[in-house]
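Residue strings, one per chain:
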Amino acid sequence: MTEIQELSQFLTLDMRLDVKAVALQQTLGLTGTTDGRHLLINTPCIVKNLCQLLSDSQNSIAKDASLALINLSADEEIVPALLAEATNMVEHMLKIISNPEHNLADPACMVLSNLTRTKLGSEKVFQSMEGNLDKYVDIFCQEKYNKKGARLHYLASVLANLSQLPAVRSYILDPSRSCLQRLVSFTDYKDSISRRGAILGLIKNCCFETDHHEFLLSEAVDLLPKLLIPLAGPEEFDEEDNDKLPIDLQYLGEEKTREPDPDIRKMLLEALTQLCATKFGREYLRSKNTYVILRELHKWEKNENNLVILEHLVNILIRFEHEIGHDNLKELEVPDEIIEKFNALEPAL
């Protein structure tokens, strides 16, 4: 029996506390290196035992076990082996997240956030949700769902990663559900950059579904103001320009500030660009005077990558439709450099 196999014997709920604590510290240390993680994943029962220790009555043991699982799941190379070794791992994490009295809900979200970065992990998590994504959207939208102080911000990353699957986008974009309508309210969420950034990633992925652009821009979802408000500043417009803006963007006031994170601004611009792939989307954005918000943003924006996307977007909006000549830009035979620009934004696992 190897030392690692011996170690796994001490990672059980009924093991003496001091012995278990030492074994767990050694295990946690091993998860910090690539070689250590591969050694652990190739040792039977280690991962299963770590999952069991999440229920340990000693909080320090349960927390260290959760940290070990976070480190293991962060290594994409071993995710397939991780899911194969602990077949009920995902279900276990979902159960913890669903329990409002569990104090390890945030680490459980982090584990699933790591796992869903891979296609295999996303498929496993969505399958384990048993077609009830609404349940987890509901949990996410209740900011005080967890009574032990867990904020569940990383559940946003789980949902965003899942949205890279076509089946999940179809689920979210189903007009008979209210998933998307509830999630879009977090695009300007001030208390967590990870929460608003991940939800914007999900929205951007949904914008690739050109058949749903009318739904996305309808009153039911009202997506355009949610994308423009974070990009708008304190600038005042004349009455004519102001009246053309969506009502939520009229008279924002001199204290209005823009989204401070350049990566999030980039996602907002990419989502708007995707909405311009269809004639309906382009005409709708023009009718709501999107240009004036982008014009003022262009004066303010300092990030070079964002300026490139912004200028490309403005160039689409200021052109006449007869110049563009096509309804859906994604159905065109277009120059390779334009294809590359759109493909660079595609949701991919």
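Residues numbered from 1 in each chain as written. Predicted model: local features only at pLDDT ≥ 70, side-chain atom pairs only at ≥ 80, totals over all residues. Heavy atoms only, no water.

### What to know about the domain arrangement of the protein chain
Taken as a whole, the protein chain is organised into domain 1 (1–84), domain 2 (88–207) and domain 3 (224–330). Taken over C-alpha atoms, the centre of domain 1 sits 49 Å from the centre of domain 3. (Domains from an automatic or database assignment.)

### Quick word on the pattern of salt bridges
Evaluation of the coordinates by the stated rule reveals 18 salt bridges. Close ionic contact of Glu240 with Lys244 constitutes a salt bridge, the shortest N to O distance being 3.7 Å. Note that Glu240 and Lys244 are positioned in helix α17 (residues 239–244) at a spacing of four residues, about one turn of the helix. The exposure class assigned to Glu240 is exposed, which follows from its relative accessible area of 55%. On the accessibility criterion, Lys244 (40% relative accessible area) is partly exposed. (Salt bridge = Lys/Arg side-chain N within 4 Å of Asp/Glu carboxyl O. Helix = DSSP H or I, 4+ residues; strand = E, 2+ residues; numbered from the N terminus. Buried < 20%, exposed > 50% of the residue type's maximum accessible area, 1.4 Å probe, protein only.)

### Looking at helix α11 (residues 154–162)
Across the nine residues of α11, eight count as buried, placing the element largely inside the fold. Within the sequence span of α11, burial applies to Leu155, Ala156, Ser157, Val158, Leu159, Ala160, Asn161 and Leu162.

### Details of unusual backbone geometry
Unusually for a residue other than glycine, Glu130 sits at a positive phi of about 55 degrees. Structurally, Glu130 can be placed in the loop between α9 (119–128) and α10 (133–141). Even without being glycine, Asp222 reaches a positive phi, approximately 55 degrees. As for its position among the elements, Asp222 is in the loop between α15 (213–216) and α16 (223–228). Relative accessible area serves as the criterion here: at 26%, Asp222 is assigned to the partly exposed category.

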